[in-house]
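Examining the three-dimensional arrangement
Listed below are the residues making up each chain.
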Amino acid sequence: MAGGQGTIEPGDASPEDSEPEPQPRASRLWCLAFVLLALCLGGGLWLFQTLNPTHAQNGSRVLKHEDFGDVVNVRFSEGELQVIAADGRVWLEREPGVLGPLSSLPLGDQYFPQTSISGDYVALPAGLELHVLDTITNRILKIPGAGASAGASQGDLVAGSWHWQDGVSVFSAKDGVELWEDKRARGGGSPVLAFGGPLLAVGGKDSQVLVYEAKTGEVVRSLSCRGKAVYALAFSRDGSQLAFADPLGVLLWSVRDWKPAPEVPCPNVTRLAFSEDGARLAVGDSSGKLEIWDLAGARLQVFEHDDSAALPADSVRGIAFDGGRVAWSVRDQVYVANLEGSEGH
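Residues numbered from 1 in each chain as written. Predicted model: local features only at pLDDT ≥ 70, side-chain atom pairs only at ≥ 80, totals over all residues. Heavy atoms only, no water.

Our next topic: unusual backbone geometry. Here Glu78, not a glycine, exhibits a phi torsion of approximately 55 degrees, which is positive. Its location among the elements puts Glu78 in the loop between strand 2 (71–77) and strand 3 (80–85). (Helix = DSSP H or I, 4+ residues; strand = E, 2+ residues; numbered from the N terminus.)

Further remarks concern the environment of Gln241. Within the element layout of this structure, Gln241 appears in strand 17 (residues 241–246). Measuring from C-alpha to C-alpha, the distance between Gln241 and Trp253 comes to 5.7 Å, with twelve residues separating the pair along the chain. Not counting residues within four places of it along the chain, the set of residues in contact with Gln241 comprises Ala234, Phe235, Ser236, Trp253, Val255, Phe274, Gly278 and Leu295. A polar side-chain atom of Gln241 sits 3.4 Å from the main-chain carbonyl oxygen of Gly278. (Contact = heavy atoms within 4.5 Å. Polar contact = N/O pair within 3.5 Å; in protein donor to acceptor, adjacent residues only side chain to side chain.)

Right, let's get into the side chain of Ser275. Note that Ser275 resides in the loop between strand 20 (269–274) and strand 21 (280–285). Residues within four places of Ser275 in sequence aside, it is in contact with Arg280 and Phe321.

This next bit is on the pattern of salt bridges. According to the stated counting rule, one finds ten salt bridges in the structure shown. With its nearest N and O atoms 4.0 Å apart, the salt bridge here joins Asp70 to Arg317. Residue Asp70 is found in the loop between strand 1 (61–63) and strand 2, and its partner Arg317 is found in strand 24 (residues 316–322); the two are separated by 247 residues along the sequence. Asp70 gets classed as partly exposed once you look at its relative accessible area, which sits at 31%. Close ionic contact of Lys183 with Glu181 constitutes a salt bridge, the shortest N to O distance being 3.2 Å. We classify Glu181 as partly exposed; its relative accessible area is 41%. Beyond isolated ion pairs, a larger network of salt bridges with shared partners links Arg226, Asp246 and Glu263. (Salt bridge = Lys/Arg side-chain N within 4 Å of Asp/Glu carboxyl O. Buried < 20%, exposed > 50% of the residue type's maximum accessible area, 1.4 Å probe, protein only.)

Turning to the confidence of the model for the protein chain, a few remarks are in order. Looking at the protein chain as a whole, its pLDDT mean stands at 77, while 69% of the residues score no less than 70. Note on residues 1–20: pLDDT under 50 across the span, and nine contacts to partners over four residues away in sequence or across chains. This model gives residues 43–57 a pLDDT under 50, and the stretch forms 15 contacts once residues within four places in sequence are excluded. (pLDDT = per-residue confidence, 0-100.)

Our focus in this paragraph is the sheet that holds strand 20. On the basis of which strands lie adjacent, the open sheet formed by four strands has the order 20-21-22-23 and antiparallel pairing. A single partner strand is all that each edge strand has here, and the edge strands are strand 20 and strand 23 (299–303). Pairs of neighbouring strands in the sheet enclose a mean axial angle of 20 degrees, with direction left out of account. Across five bridges, strand 21 lies against strand 22 (residues 290–294) in antiparallel orientation. Counterpart to Ala282 in the pairing with strand 22 is Ile292. (Pairing = 2+ DSSP bridges. Axes fitted to C-alpha atoms, helices over the stretch in contact; angles between N-to-C directions.)

What follows is about the packing of aromatic side chains. Taken as a whole and assessed by the stated rule, the structure comprises three aromatic pairs. Summarising the aromatic geometry, the rings of Trp180 and Tyr212 are spaced 4.9 Å apart at their centres and angled 35 degrees between planes, so their arrangement reads as tilted. Highlighted residues: Trp180 in strand 11 (residues 178–182) and Tyr212 in strand 14 (residues 208–213), separated in sequence by 32 residues. By the burial criterion, Trp180 is buried, and Tyr212 matches it. The interplanar angle of 40 degrees and the centroid separation of 5.1 Å between the aromatic rings of Phe303 and Trp328 together place this pair among those described as tilted. Of the two residues, Phe303 is situated in strand 23 and Trp328 in strand 25 (residues 325–330); the sequence distance between them amounts to 25 residues. Side by side, Phe303 and Trp328 carry an identical accessibility label, which is buried. Connected via pairs of aromatic rings, a cluster forms that spans Phe303, Trp328 and Tyr335. (Phe/Tyr/Trp six-rings, centres within 6.5 Å; stacked < 30°, edge-to-face > 60°.)

Here is the structure:
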């Protein structure tokens, strides 16, 4: 018989040595084993990505905590992610994936999605009252009103609008003293508010956005929308740009000269936010999807919501930028993703 890799020739060996060569069968078995191993590893990886609460299929990571309940807003403060839960607690991510309460006790109320956190204060519309949470002292200031349904804060100012009546009011966040009120802002049950520099923008169901001097209540501009409602508002950080969503998409305005910029064709918008440098606009919609656009009207990134059976409660409720990353909330989950063209954190 020839060497181990040779073939058996007739008459070259006894019948006992003439058994078929086992290598081809062994090779087939090894190939089958390799395929089964690859399938198992692939299936395990898919299951891990599907069930692991710290990973999402859209290229982001997701934070979830059993004590969150619904999340109504998010923000970054000095690089740390803060999460505002529907019960009024503010959670802080001190290191990736590790969360702890910033405000120690739940307030016991369920808050409307139109909340705002700026500086040391969180404005929380709570049905019959507007609550102002001081995140430094954990002090709660309760401002009575006829059905508070939207709140916004900036510096020492807090604004509220009301579900069952028209108008907007601005208060001192320190003591709740009302500074001014204007009944011309028609919320109509779904008001939206946004501070930007010295200005406050208010939109609702009267086909316009009113822009006020935040401290005095003087109307400096009235902007028309296409349709009968304004769904979301946002100023850039320096207050030089204003974006608002109407039934047809998102309109952009330069605050310096009140000239319009290219629109963003996104329907069903629920939240808007500018990046820190004002070069990008994040648009969240009622299906939980987040899109990143530049101000020339080009879409840069899309993050689809993983839940195929999206409900109205799956709308994006909060958006925040921090350098090369963006965070947004959908129901009881907070997503964090890196921005293309930026170094993630």
